[in-house]
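# An overview of the molecular structure
Here is what each chain is made of, one letter per residue.
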Amino acid sequence: MAALLSGGTVVGMRKGTRRHRYVGWIYVATMIFLCVTSFFIYELFGGFGPFHVAALISLVSVIGGILAPLLRTQIGEEWMEAHYRFML
């Protein structure tokens, strides 16, 4: 629920503000926790299932989305578009 609430909140906020970054970090933390814990659920399919694939995709997109602003000096002016695309 925390990931849903923080994700929905950060999408509806004004971008680039301190509050956007703060709620964004909450979203990142909850999504990483959610994705990592999903790999411990294996009884549903008896192993690796479609939800694990979705968790991998989500994990890659969240990590890519947070690396874009963190590495903006190395990426250059395109960091904001990269952040947007990963978060989309």
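Look up: the structure comes first, before these words.
Keep in mind that what you see is a predicted model, and the values were worked out from it rather than measured. (Residues numbered from 1 in each chain as written. Predicted model: local features only at pLDDT ≥ 70, side-chain atom pairs only at ≥ 80, totals over all residues. Heavy atoms only, no water.)

### Observations regarding helix H2 (residues 18-38)
Taking 1.5 Å as the rise per residue, H2 with 21 residues should run 30 Å; its terminal C-alpha atoms sit 30 Å apart, in good agreement. Listed as buried for H2 are His20, Val23, Gly24, Tyr27, Val28, Thr30, Met31, Cys35 and Ser38. In this structure, the buried side of H2 is in contact with helix H1 (2-12), helix H3 (50-70) and helix H5 (79-87). (Helix = DSSP H or I, 4+ residues; strand = E, 2+ residues; numbered from the N terminus. Expected span 1.5 Å × (residues − 1). Buried < 20%, exposed > 50% of the residue type's maximum accessible area, 1.4 Å probe, protein only. Contact = heavy atoms within 4.5 Å.)

### A word on H1
By the burial criterion, the buried members of H1 are Ala3, Ser6, Gly7 and Val10. Each buried residue of H1 sits inside an arc of 100 degrees when the element is viewed along its axis, so together they form one side. For H1, the exposed residues set more than 90 degrees away from the buried face come down to Leu4, Leu5 and Gly12. On the buried face of H1, the contacting elements are H2. (Arc of directions from axis to C-beta.)

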